[in-house]
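Fold and contact review
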Amino acid sequence: SLGLNGIVHFHIRPFSASLMAHDPLFEQRIANALLAQGVKAEPKKMFGGVAFMVNGNMSVGITNKGAFMVRIAPDRHEELIELPGAGPMDFTGKPMKGFLFVDAVAVSRKAALDKWVKLSLEHILSLPKKVPKRSTTAKRSSTQAPKKST
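To start, this report covers the structure provided alongside it. (Residues numbered from 1 in each chain as written. Predicted model: local features only at pLDDT ≥ 70, side-chain atom pairs only at ≥ 80, totals over all residues. Heavy atoms only, no water.)

Some points on the environment of phenylalanine 91
Formally: The way it works is that DSSP assigns letters per residue, a run of H or I at least four long becomes a helix, a run of E at least two long becomes a strand, and they are numbered from the N terminus. Contact definition: two residues touch when any of their heavy atoms are within 4.5 Å.
Tracing the sequence through the fold places phenylalanine 91 in the loop between strand 5 (86-88) and strand 6 (99-102). Considered as a pair, phenylalanine 91 and phenylalanine 47 are 44 residues apart in the sequence and their alpha carbons are 9.6 Å apart. Once you skip the residues sitting within four places of it in the chain, phenylalanine 91 turns out to touch Phe47, Met96 and Phe101.

Below you can see the structure in the form of structure tokens.
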């Protein structure tokens, strides 16, 4: 942007995710990392990509642009955002506390990906299980009284 005295200023974000198109291999690596922790996660299409649900709660995922999303304990947000490759999850326009984007390069090694998956699971496994929501038509039909036959 053009600043005072006509000097061009570049706005450089401290975090720049190495974004690429959704990568099925990366998705499989994430699923394998969850399995290695003894967790059966359910992949669910979300954010134009895939989120891995654990007990009905989003744990980790990958956006349609290839960004790695991690859900963490909100009280550890300020600490964990300082780790290499971590940045705010701000696709809504403002950072979401308890969620981070982690640069794909920062999780290219198995040990690094496992570390982030463990950090997410520490929080996710402390949350109550979410019961899957039934569709509105299913709710309506199960709560309506049966029609009387005439």
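A word on the sheet that holds strand 5
What holds strands together in a sheet is hydrogen bonding between their backbones, with the strands either parallel or antiparallel. Applied cut-off: Note on pairing: two strands pair once DSSP finds at least 2 bridges between them. To define axes, lines are fitted to C-alpha atoms, for helices over the stretch in contact only, and angles between the resulting N-to-C directions are given on a 0 to 180 degree scale.
Taking strand neighbours across the sheet as the criterion, the six strands line up as 1-2-3-4-6-5 in an open arrangement whose pairing is antiparallel. A strand with exactly one partner marks an edge of an open sheet, and here the two such strands are strand 1 (42-46) and strand 5. The average undirected angle you get between the axes of adjacent strands in this sheet is 35°. By the bridge criterion, three bridges tie strand 5 to strand 6 in an arrangement that is antiparallel. When the bridges of strand 6 are listed, glycine 87 appears paired with phenylalanine 101. The sheet strands contacting helix 1 (residues 24-36) are strand 2 (49-54), strand 3 (57-62) and strand 4 (68-71), and the helix crosses strand 3 at an angle near 140°. Packed onto the sheet, helix 3 (residues 110-124) meets strand 2, strand 3, strand 4, strand 5 and strand 6 and runs at close to 35° relative to strand 4.

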